[in-house]
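Examination of the molecular architecture
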Amino acid sequence: MSAIEHSTSCEIRTILEKQRAAFLAGEPWTLEQRCELLDRAIGLLVNHEQDIIDALTADFGHRSPGFSKGSEVLSPLATLKQTQAELAQWMRPEQRQARAGEAWVQYQPLGVVGIVTAWNVPGYMVFSGLAGALAAGNRVMIKPSEFTPHTSALIARLIRSVYAEDEVAVVLGGADVGQAFCGQPFDHLLFTGATSIGRHVLRAAAENLVPVTLELGGKSPTIISRTADFKDAVAKTVVGKLLNAGQLCVAPDHVFVPRESVDAFIAVAKAVVAGFLPTLKDNPEYTSIINARHFERLQGYLSQAREAGVELIELNAAGEDFSEGARNKIVPTLLRDPGDDLQVMQDEIFGPLLPIKPYDAISEVIEQINARPRPLALYYFGKDAAEEAQVLTRTCSGGVTLNGVLSHASTEGLPFGGVGQSGMGAYHGIDGFRTFSHAKAILRTAPTPA
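Everything in this summary refers to the structure shown in the same document. (Residues numbered from 1 in each chain as written. Predicted model: local features only at pLDDT ≥ 70, side-chain atom pairs only at ≥ 80, totals over all residues. Heavy atoms only, no water.)

1. What to know about the overall build of the protein chain
Scanning the protein chain for helices and strands turns up 14 helices and 19 strands. Taking 2.2 N^0.38 as the reference for a compact globule, 450 residues should give roughly 22 Å; the C-alpha atoms of the protein chain span a radius of gyration of 23 Å, in line with that estimate. Overall, the C-alpha framework of the protein chain stretches about 80 × 55 × 35 Å when taken along its three principal axes. Pairs at least 24 apart in sequence give 75% of the contacts found in the protein chain among residues at least 6 apart. On the protein chain, roughly 18,600 Å² of surface is accessible, and the fraction owed to carbon and sulfur atoms is 52%. A gap of 4 Å separates the mean positions of the 39 positive and 50 negative side-chain charges of the protein chain. (Helix = DSSP H or I, 4+ residues; strand = E, 2+ residues; numbered from the N terminus. Rg over C-alpha atoms; globule rule 2.2 N^0.38 Å. Contact = heavy atoms within 4.5 Å. Areas by Shrake-Rupley, 256 points an atom, 1.4 Å probe, with all protein chains shown as cover. Lys, Arg positive; Asp, Glu negative; His and termini not counted. Charge placed at Lys NZ, Arg CZ, Asp CG, Glu CD.)

2. Quick look at the pattern of salt bridges
Enumeration over the complete set of coordinates arrives at 19 salt bridges. Here Arg63 makes a salt bridge to Glu72, at a shortest N to O gap of 3.0 Å. In terms of burial, Arg63 and Glu72 fall into one category: buried. The network of salt bridges with shared partners includes Asp337, Asp340, Lys357 and Arg372. (Salt bridge = Lys/Arg side-chain N within 4 Å of Asp/Glu carboxyl O. Buried < 20%, exposed > 50% of the residue type's maximum accessible area, 1.4 Å probe, protein only.)

3. Focus: the sheet that holds strand 14 (residues 377-381)
Reading across the sheet, the seven strands line up as 11-12-13-10-9-14-15 and stay open at both edges, with mixed pairing between neighbours. One side of each edge strand has no neighbouring strand; the edge strands of this open sheet are strand 11 (311-314) and strand 15 (399-402). Direction aside, the axes of adjacent strands within the sheet are offset by 20 degrees on average. Examined bridge by bridge, strand 11 and strand 12 (residues 333-336) share four bridges and lie antiparallel to one another. (Pairing = 2+ DSSP bridges. Axes fitted to C-alpha atoms, helices over the stretch in contact; angles between N-to-C directions.)

4. A look at the packing of aromatic side chains
Going through the model one piece at a time under the given rule, you end up with six aromatic pairs. Members of the aromatic cluster, each reached through a chain of ring pairs, are Phe60, Trp119 and Phe350. (Phe/Tyr/Trp six-rings, centres within 6.5 Å; stacked < 30°, edge-to-face > 60°.)

5. Details of the nonpolar core
Of all hydrophobic cores here, the largest spans 90 residues; its most connected members are Leu130, Leu134, Ile224, Val250, Phe265 and Leu334. Examining the composition of this core, we find that nine residues originate from one element, helix 5 (residues 122-135), more than from any other. Ranked by size, the runner-up nonpolar core spans 21 residues in total, among them Leu16, Val177, Ala180 and Cys182. (Core = buried A, V, L, I, M, F, W, Y, C linked by side-chain atoms within 4.5 Å.)

6. Let's talk about the pairing of strand 13 (residues 353-359)
With respect to burial, strand 13 is a largely interior element, seven of its seven residues being buried. Taking every second residue as pointing to the same face, both faces of strand 13 are buried, with Leu353, Pro355, Lys357 and Tyr359 on one and Leu354, Ile356 and Pro358 on the other. Strand direction decides the pairing type here: strand 10 (residues 254-258) and strand 13, joined by four bridges, are parallel. Bridge pairing links Val255 to Ile356 in strand 13. Where strand 12 and strand 13 come together, four bridges link them in parallel fashion. Within strand 13, the residue paired with Thr333 across the bridge is Leu353.

7. So, helix 12 (residues 362-370)
Three or more residues of helix 12 are buried, namely Ile362, Val365, Ile366 and Ile369. On an axial view of helix 12, the arc spanned by its buried residues comes to 95 degrees, and they lie on one face. Contacts from the buried residues of helix 12 go to strand 9 (221-224), strand 10, strand 13, strand 14 and helix 13 (385-394). (Arc of directions from axis to C-beta.)

8. Digging into a nonpolar patch on the surface
A cluster of nonpolar side chains, namely Val239, Leu243 and Phe276, defines an oily patch on the protein surface of about 200 Å² accessible area. Counting through the fold element by element, Leu243 comes out in the loop between helix 9 (230-242) and strand 10. When its relative accessible area of 31% is taken as the criterion, Leu243 is described as partly exposed. (Patch = residues over 30% accessible without salt bridge, like charges linked within 9 Å, V, L, I, M, F, W, Y side chains within 5 Å.)

9. Quick look at the state of the cysteines
Disulfide: a covalent bond connecting the sulfur atoms of a pair of cysteines. With the rule as written, the count across this model stands at zero disulfides. Between Cys249, a free cysteine, and Cys396, which holds the nearest cysteine sulfur, the sulfur-to-sulfur gap is 17 Å. (Disulfide = S-S within 2.5 Å.)

10. Comments concerning the packing of helix 2 (residues 31-47) against helix 5
One way to put it is that helix 2 packs onto helix 5 with a least axis distance of 9 Å and a crossing angle of 165 degrees. In terms of axis orientation, helix 2 runs roughly antiparallel to helix 5. As helix 2 packs across helix 5, the resulting crossing turns out to be right-handed. Listed contacts from helix 5 to Arg34, Leu37, Leu38, Ala41, Leu44 and Leu45 of helix 2 are Phe127, Leu130, Ala131, Leu134 and Ala135. A class-by-class count of the residues in the contact of helix 2 with helix 5 yields ten nonpolar, no polar and one charged. (Parallel < 35°, antiparallel > 145°, perpendicular 65-115°, else oblique. Left-handed = near helix turned anticlockwise from the far one by under 90°. Nonpolar A, V, L, I, M, F, W, Y, C, P; charged D, E, K, R; others polar.)

11. Here we look at the packing of helix 9 against helix 10 (residues 262-276)
Across the interface, helix 9 lies against helix 10 with an axial gap of 9 Å and an inter-helix angle of 55 degrees. Overall, the two elements helix 9 and helix 10 adopt an arrangement that is oblique. Considering the relative orientation of helix 9 and helix 10, their crossing is right-handed. Contacts from Phe230, Lys231, Val234, Ala235, Val238, Val239 and Leu242 in helix 9 reach Ala264, Phe265, Val268, Ala269, Val272, Val273 and Phe276 in helix 10. Residue composition of the contact of helix 9 with helix 10, by class: 13 nonpolar, no polar and one charged.

12. Re unusual backbone geometry
Positive phi values are uncommon outside glycine, yet Leu209 reaches one of about 50 degrees. With respect to the helices, strands and loops of the structure, Leu209 is situated in the loop between helix 8 (195-206) and strand 8 (212-215). Overall, the relative accessible area of 75% leaves Leu209 in the exposed class.

And the structure:
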């Protein structure tokens, strides 16, 4: 059995020891074996697309089927297939310079990798993490989020149907199980979730000196330059914000707009949302907030801003009544220049609320960004090469998309990760392969002259 519900620390350790014993018992998996293991994951996504979409809909109360298909099926499918296509090249020894003799780096599997995923895009996180860990030749243990019970149970059942427990195993349970999981002596631990939880994960892993990759979050800013294609920039920012109702770690958190263009931003945003979400309440493409706790958290941000006199602009083209909190859906809302002391400007929003921060000079934008913890993502729209370079060199974020949003995070050729409080380490593509591998330095000395 590869899925243990409400596991104890002892049961989790038993699976870990079984996987480590299997890892040590034989030769490392060959290229062909690793590709076959990846093939099994590909088959799960191809054969269970609708099951995955249905489980996510059940967990969210309502979730856009189109977004679920793209993010939880097609995107990880592309990742797995690209991993297969490039794996032979990644596995080759890397030649290095040596004063005398022959030097190279050999990438060696670590052993057992633990993966803890969040609730917002659970299928994507499981299968993209699995791609890198299996490609590197590791056994894998996965702890999916308890906030998506239908999806987590489905993933456990699917994994169990194609992998032996000593290859890939899924552990189910709540926060106590997650805590026990993170305290295990893995050879590497990948955690995706909130910064606050990341601190606990790092402490737990430190007990066993487990190397950790933390994919956290933060307040990812968008900058719209005076040189930007304005309508395009507004449309991409707003659409990116409303994907999964803003429940993405790389969603635009707030947007810096030239002071004289704030009214135009609001007008364009209204038109954009009216075009692709003419209704909200029963629109199958507008996703619900995951649960009542997060729904109330977001409503709290709005209430505090309203009491502070902040202008709130609802993007509700049909004028629908949301007073009863239908399906935990929240009306997309712009907040005009909320004060930095408000909670909506302190916390990662993770919902369909978009603060607009007016600015006069790009230097003040950079100053405001640098006054906060380093974000997971940053977005810049503009055509001024010098200004773009200034933003790139004077700010530090996990990643950047220029004249777009989100895209760097789904580009397999780029490392995905945070910096500072938004995370540490990176994965995806070759960077994931290397994260889950040991780069062993090898030197063959030159023969001693006779």
